[in-house]
Amino acid sequence: MLTRRTLVAAALFAGIAPAFAETPAASDPVAILTAIYTRAAKGKGDGGGAFIIENRAAKAKYLSKGLVALWAKADAHTPKGDVGPVDFDPVTNSQEPDVKSFKVDAEKMEADKATIAVTITGHRNDRKPADLIVRYDFVREANGWKIDDIKGSSGGEAWSIRKMLTDSLKS
């Protein structure tokens, strides 16, 4: 007599993946952002996503080597006691994080780079629609997909993390 356990084991050994194993790989840009925003939306959605940039280890986990190096250079260039060039939560595009729900869309997927858009819905309704979309440029590195830039707008003004960091080195 076949039991469910036997069927699942037989399917695994036969190379047939059960439905629950069809989720995207952790190294997939959509899966990475889904995990980030799921964490940011927990509770009241006010915890934000700054955890991806809170320290060197977090930056190394989520960001490309080039972006990590640029960020370190910008931090070293920042006068002691001053706020760094990124003074908001880039994941939620806000000083006050507010994530009720989100939608992740792959706009461009290539072998070595990708652009993913995340549309955020907050509990409050005090932001312009364009300010609720954050785009991520990913690059593939030896250890998987990494964020190479984060872009959005605030009050109708476009911003880019990479540009902010680069501009901070000019002053």
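Described below are features of the structure shown in this document.

Attention now moves to the overall build of the protein chain. Check the secondary structure of the protein chain and you find five helices and five strands. Reading the protein chain from its N terminus to its C terminus gives the helix and strand order α-α-α-α-β-β-β-β-β-α. Looking at the protein chain residue by residue over its 171 residues, the buried ones come to 39%. Counted over contacts in the protein chain with a minimum sequence separation of 6, partners at least 24 positions apart contribute 53%. When the accessible surface of the protein chain is summed, it comes to about 10,400 Å², and 56% of that surface belongs to carbon and sulfur atoms.

Before going further, it helps to examine the environment of alanine 41. Following the sequence through the fold, alanine 41 ends up in helix α2 (residues 29-41). Taking the C-alpha atoms as reference points, alanine 41 and threonine 121, 80 residues apart in sequence, are found 9.8 Å from one another. Not counting residues up to four positions away in its chain, the partners in contact with alanine 41 are Val99 and Lys100.

Grouped together as the largest cluster of nonpolar side chains are 34 residues, with contacts concentrated most on Leu33, Ile36, Tyr37, Ile52, Tyr136, Phe138 and Ile161. Elements represented by at least two residues in this core include exactly α2, α4 (65-77), β2 (113-121), β3 (133-141), β4 (144-154) and α5 (161-168). With six residues, the single largest contributor to this core is α2. Each residue touching tyrosine 136, except ones within four places of it in the same chain, is listed here: Leu33, Tyr37, Pro90, Val91, Ala114, Thr115, Ile116, Val118, Ile147, Asp149 and Ile150.

Spatial strand order, β1-β2-β3-β4-β5: five strands in an open sheet with antiparallel pairing. The open sheet is flanked by β1 (101-109) and β5 (157-160), the only strands paired with a single partner. Direction aside, the axes of adjacent strands within the sheet are offset by 25° on average. Pairing between β3 and β4: seven bridges, direction antiparallel. Residue pairing for β4: glutamate 141 is matched across the bridge by glycine 144.

Before going further, it helps to examine the pattern of salt bridges. Inspection of every chain in the model, using the stated rule, returns seven salt bridges. One salt bridge connects arginine 135 with glutamate 107, and the closest N-O pair in it is separated by 2.9 Å. Placement of arginine 135 in strand β3 and of glutamate 107 in strand β1 is noted, with a sequence separation of 28 residues between them. When salt bridges with common partners are traced through the structure, they connect Lys163, Asp167 and Lys170 into a single cluster.

Let us now look at the environment of alanine 117. By the secondary structure assignment, alanine 117 is in strand β2. The class of alanine 117 is buried, set by a relative accessible area of 5%. A C-alpha to C-alpha distance of 5.2 Å links alanine 117 and aspartate 105, two positions twelve residues apart in sequence. Setting aside residues no more than four positions away along its own chain, alanine 117 makes contact with Lys103, Val104, Asp105, Glu107, Ile133, Val134 and Arg135.

Helix length check: α4 (13 residues) gives 18 Å between terminal C-alpha atoms against 18 Å at 1.5 Å per residue, within 8%. Along α4, the residues classified as buried are Leu67, Leu70, Trp71 and Ala74. Taken down its axis, α4 places every buried residue within 100° of arc, on the same side. Turned more than 90 degrees away from the buried face of α4 sit Lys65, Lys73 and Ala76, all of them exposed.

With that settled, consider the packing of aromatic side chains. Under the criterion given, the structure shown has four aromatic pairs. With a centroid separation of 6.3 Å and 85° between ring planes, the pair formed by tyrosine 37 and tyrosine 136 is classed as edge-to-face. Of this pair, tyrosine 37 sits in helix α2 while tyrosine 136 sits in strand β3, and the two are 99 residues apart along the sequence. Here tyrosine 37 matches tyrosine 136 in class, with each residue buried. Relative to tyrosine 62, the ring of phenylalanine 51 has its centre 6.1 Å away and its plane inclined at 75°; by these criteria the two rings are edge-to-face. Taken together, the residues phenylalanine 51 in the loop between α2 and α3 (56-62) and tyrosine 62 in helix α3 connect sequence positions eleven residues apart. Residue phenylalanine 51 is classed as buried on the basis of its relative accessible area of 9%.

Reading guide: rules and limits
- Residues numbered from 1 in each chain as written.
- Predicted model: local features only at pLDDT ≥ 70, side-chain atom pairs only at ≥ 80, totals over all residues.
- Heavy atoms only, no water.
- Helix = DSSP H or I, 4+ residues; strand = E, 2+ residues; numbered from the N terminus.
- Buried < 20%, exposed > 50% of the residue type's maximum accessible area, 1.4 Å probe, protein only.
- Contact = heavy atoms within 4.5 Å.
- Areas by Shrake-Rupley, 256 points an atom, 1.4 Å probe, with all protein chains shown as cover.
- Core = buried A, V, L, I, M, F, W, Y, C linked by side-chain atoms within 4.5 Å.
- Pairing = 2+ DSSP bridges.
- Axes fitted to C-alpha atoms, helices over the stretch in contact; angles between N-to-C directions.
- Salt bridge = Lys/Arg side-chain N within 4 Å of Asp/Glu carboxyl O.
- Expected span 1.5 Å × (residues − 1).
- Arc of directions from axis to C-beta.
- Phe/Tyr/Trp six-rings, centres within 6.5 Å; stacked < 30°, edge-to-face > 60°.

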